[in-house]
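Report on the structure
Single-letter residue listing:
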There are 2 protein chains.
Amino acid sequence: MTGPDSGTGSHLALDSASQSLLFRQAHTANAFTDGPVSDETVREIHDLVKSVPTASGGQPLRVVLVRSAAGRERLLRHTSRGNRDKTARAPLVAVLAVARRSAVPDGALQAAYFIIAVRAAGLAAGPMSGFDPEGVDREFFADTKHSALMVVNIGRPTPDGHRPHGPRLDFAQVFSSV
Amino acid sequence: MTGPDSGTGSHLALDSASQSLLFRQAHTANAFTDGPVSDETVREIHDLVKSVPTASGGQPLRVVLVRSAAGRERLLRHTSRGNRDKTARAPLVAVLAVARRSAVPDGALQAAYFIIAVRAAGLAAGPMSGFDPEGVDREFFADTKHSALMVVNIGRPTPDGHRPHGPRLDFAQVFSSV
């Protein structure tokens, strides 16, 4: 972070390389190298996520790291067919859950902060909603107050590990003024 | 972004200054300077947000920028008492809405990306859920398929414009492994 890029007319404080790392090169990764993702890395990701405020000040996010073969098998049972292969192969799979009674947006806000923080660790994140939420809740969140929100595949992407971006809505399609 | 901080043992790819800008110094701002937030800045924020993938690939986020005194008045009518002053004074107020039928997390994911991108522009964001959602929907999203998710106050914070962080959950309270 070196302040606004001089001479480019940019209004951003974040430098271009960090913009690329966190935003512009953010693809949903579908294929990963074998490189592992350590608990130390995940601790540093948590350390970033925990600082960012939510809309109501809550911290409803809970994360189950699927590390064992047995845990992976239990998750794959409830994963939609199209997502099964990449989830089977990702170096680390995280199941993100939120308190069922949390103020609605706070859990998803923290989930998004988690995804950006994964990218801040130099890793790719593949967020997915293609799973059976009741099944995943039975497997991993029985007898808790939490409910699965999304599954995130995490690792170092292979060079061809993502599809090109689809078309994006432009400014005037998203923003209006009153 | 200069790669992992050498010698610190950090596993993060994002440099320390950017970590502070986006995460560690992220407080909910309650007081702002008078400095305006231009449409050009908001365009650059959008340009960051639009790149980041959602769980289902949707782009359900819509944003109403409240720029006129009349628009501000319409919003304040539906803002909870505790939030009214800071929303009245913020240089820019954005009402974030999502398609009512969108896959649940995608709208909130994009809202979180928006908040992080506001910080990437060197601004502070104060996300709030303290408003009457039906009232805000009637004012700003009548005859649309969208529904208000949160209100975000945006501007440059004053030095004393935020309260200290409350206690945060530690790693073992948020993460478990299977």
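Everything numeric here is computed off the predicted structure, so don't read it as measured data.

Definitions and cut-offs
Residues numbered from 1 in each chain as written. Chains lettered and ligands numbered in written order. Predicted model: local features only at pLDDT ≥ 70, side-chain atom pairs only at ≥ 80, totals over all residues. Heavy atoms only, no water. Pairing = 2+ DSSP bridges. Helix = DSSP H or I, 4+ residues; strand = E, 2+ residues; numbered from the N terminus. Axes fitted to C-alpha atoms, helices over the stretch in contact; angles between N-to-C directions. Contact = heavy atoms within 4.5 Å. Parallel < 35°, antiparallel > 145°, perpendicular 65-115°, else oblique. Nonpolar A, V, L, I, M, F, W, Y, C, P; charged D, E, K, R; others polar. Buried < 20%, exposed > 50% of the residue type's maximum accessible area, 1.4 Å probe, protein only.

Glancing now at the sheet that holds strand 1 (residues 61–66) of chain B. Spatial ordering of the open sheet is given by 5(A)-1(B)-2(B)-4(B)-3(B), a layout of 5 strands whose pairing is mixed. Looking along the sheet, the strands with just one partner apiece sit at the ends: strand 5 (175–177) of chain A together with strand 3 (124–128) of chain B. Taking each pair of neighbouring strands and ignoring which way they run, the sheet shows an average axis angle of 25°. Of the strands in this sheet, strand 2 (92–99), strand 3 and strand 4 (146–155) of chain B are in contact with helix 4 (residues 81–89) of chain B, which crosses strand 3 of chain B at around 150°.

To continue, consider the packing of helix 3 (residues 69–76) of chain B against helix 6 (residues 133–140) of chain B. Residues and elements named next belong to chain B. Taken N-terminus to C-terminus, the directions of helix 3 and helix 6 make an angle of 150°; their axes are 9 Å apart at the nearest point. By the angle class used here, helix 3 and helix 6 are roughly antiparallel. From helix 3, Gly 71, Arg 74 and Leu 75 reach across to helix 6, where they touch Val 136, Glu 139 and Phe 140. Per-class residue counts for the contact of helix 3 with helix 6 are 3 nonpolar, 1 polar and 2 charged.

Further remarks concern the sheet that holds strand 2 (residues 92–99) of chain A. Spatially, 3(A)-4(A)-2(A)-1(A)-5(B) is the arrangement adopted by the 5 strands of the open sheet, whose pairing is mixed. Taken across any chain shown, the strands that pair with only one partner, and hence form the sheet edges, are strand 3 (124–128) of chain A together with strand 5 (175–177) of chain B. Neighbouring strand axes in the sheet, compared pairwise and without regard to direction, differ in orientation by 25° on average. Of the strand pairs in this sheet, strand 2 of chain A and strand 4 (residues 146–155) of chain A are connected by 8 bridges, and their pairing is antiparallel. Of the residues in strand 4 of chain A, the one forming a bridge with Val93(A) is Asn153(A).

On to the pairing of strand 1 of chain B. Among the 6 residues that make up strand 1 of chain B, 5 are buried, leaving the element largely enclosed by the rest of the structure. Looking at chain direction, strand 5 of chain A and strand 1 of chain B are connected through 3 bridges and run parallel. Bridge pairing links Ser177(A) to Leu65(B) in strand 1 of chain B. Sheet topology places strand 1 of chain B next to strand 2 of chain B; 6 bridges connect them, and they run antiparallel. Directly across from Leu65(B), in strand 2 of chain B, lies its bridge partner Ala94(B).

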